[in-house]
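Tertiary structure, described
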Amino acid sequence: MMFLIRTAFWISVLLLVLPLGGAMKGDGPNAEERASIDAMAALAAAGATISDMRSFCERQPDACDVGSKALQVMSDRARNGAAMIQDYLGSEGAPAAPAKAVSTATGGRDTLTPADRKPSWRGPGSPSA
C-alpha cells in the first residue's frame, strides 16, 4: 500500500514539474491572458492564500490537531531513520576486529579433549536396571 502512495506522490510531482507541451485547453487562461498576469497580481494572490491558510486552524481545530500530531510522528520517524543511517555509516567505516583462527585438527583420529570425554550429568533418582 505504501508503495502505491509513494508512486502516486512521485508521479504527481513529476506532472507538476514537467511541462506537458501543446496548447492548453479548457477553462484555464490562454496565452494572452497568461501574459497579462503580472508579478504584483500573482504576489497578491499568494498573500491572500497564505492569510487564508493561517485562519484554517481557527475554522478546523480538529484537523490542525491531527495534522500536528501526524507531523510530530513523521519528524520522530525521520529523526530515528537519520540516526540509524548515521550509526550504519559510522560503523561501516570502522575497521572490523580480526577473526580468530579456528584450528582444524586433521592429524589423527583422537581429537577429543578431556572435557569432551566426561559423561554428561544425569540426575539422581533414576536407578539403572
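Since this is a predicted model, take the numbers as computed values, not measurements. (Residues numbered from 1 in each chain as written. Predicted model: local features only at pLDDT ≥ 70, side-chain atom pairs only at ≥ 80, totals over all residues. Heavy atoms only, no water.)

1. Concerning the overall build of the protein chain
Counted only if it meets this: We count a stretch as a helix when DSSP gives it H or I for four or more residues in a row; a strand needs E for two or more, and each element gets its number in order from the N terminus. Here the term buried applies to any residue with accessible area under 20% of the maximum for its type, exposed to any over 50%, and partly exposed to those in between, with areas from a 1.4 Å probe on protein chains only. Each accessible area is a Shrake-Rupley result for a 1.4 Å probe, and residues are judged covered by the shown protein chains and nothing else.
Scanning the protein chain for helices and strands turns up six helices and zero strands. Reading the protein chain from its N terminus to its C terminus gives the helix and strand order α-α-α-α-α-α. Counting the 129 residues in the protein chain, one finds 1% classified as buried. A total accessible area of about 12,500 Å² is found for the protein chain, and carbon and sulfur atoms account for 64% of it.

2. Looking at the pattern of salt bridges
Two side chains with opposite charge may pair up if their charged atoms get near one another. Worth spelling out the cut-off: For this document, the term salt bridge refers to a Lys or Arg side-chain nitrogen within 4 Å of an Asp or Glu carboxyl oxygen.
Using the criterion set out here, one finds two salt bridges in the structure. Two residues, Asp52 and Arg59, come together in a salt bridge whose shortest N-O distance is 2.9 Å. According to the relative accessible area criterion, Arg59 is partly exposed, its value standing at 45%. Note that Arg79 is salt-bridged to Asp76, the shortest N-O span being 3.0 Å.

3. Re the packing of aromatic side chains
The description of an aromatic ring pair rests on the distance of the ring centres and on the angle between the ring planes. Filter applied, for reference: Note on aromatic pairs: the rings of Phe, Tyr and Trp (six-membered ring only in Trp) are paired at centre separations within 6.5 Å, and the planes decide the class, stacked below 30 degrees, edge-to-face beyond 60, tilted for the rest.
Applying the stated rule across the entire model yields one aromatic pair. For the ring pair Phe9 and Trp10, a centre distance of 5.0 Å and an interplane angle of 75° mean the geometry is edge-to-face. On the accessibility criterion, Trp10 (54% relative accessible area) is exposed.

4. Observations regarding the confidence of the model for the protein chain
Caution applies to low-pLDDT parts of the model: their predicted coordinates are not meant to be read in detail. The criterion, for reference: Predictor confidence is given residue by residue as pLDDT, running from a minimum of 0 to a maximum of 100.
Averaged over all residues, the pLDDT of the protein chain equals 75, while 68% of them reach at least 70. For the protein chain, helix α2 (residues 31–36) is the element with the lowest average pLDDT, namely 63, and helix α5 (residues 61–93) is the one with the highest, namely 85.

5. Structural notes on the state of the cysteines
As a reminder of what qualifies: The definition used for a disulfide is geometric: two cysteine sulfur atoms within 2.5 Å.
Tallied over the entire structure, the rule returns one disulfide. Note on cysteine connectivity: Cys57 is disulfide-linked to Cys64, with sulfurs 2.0 Å apart. What sets the handedness of the Cys57 and Cys64 disulfide is the S-S torsion sign, and at about -95° it is left-handed. Looking at Cys57, the relative accessible area reads 41%, which means it is partly exposed. Judged by relative accessible area, Cys64 falls into the buried class, the value being 18%.

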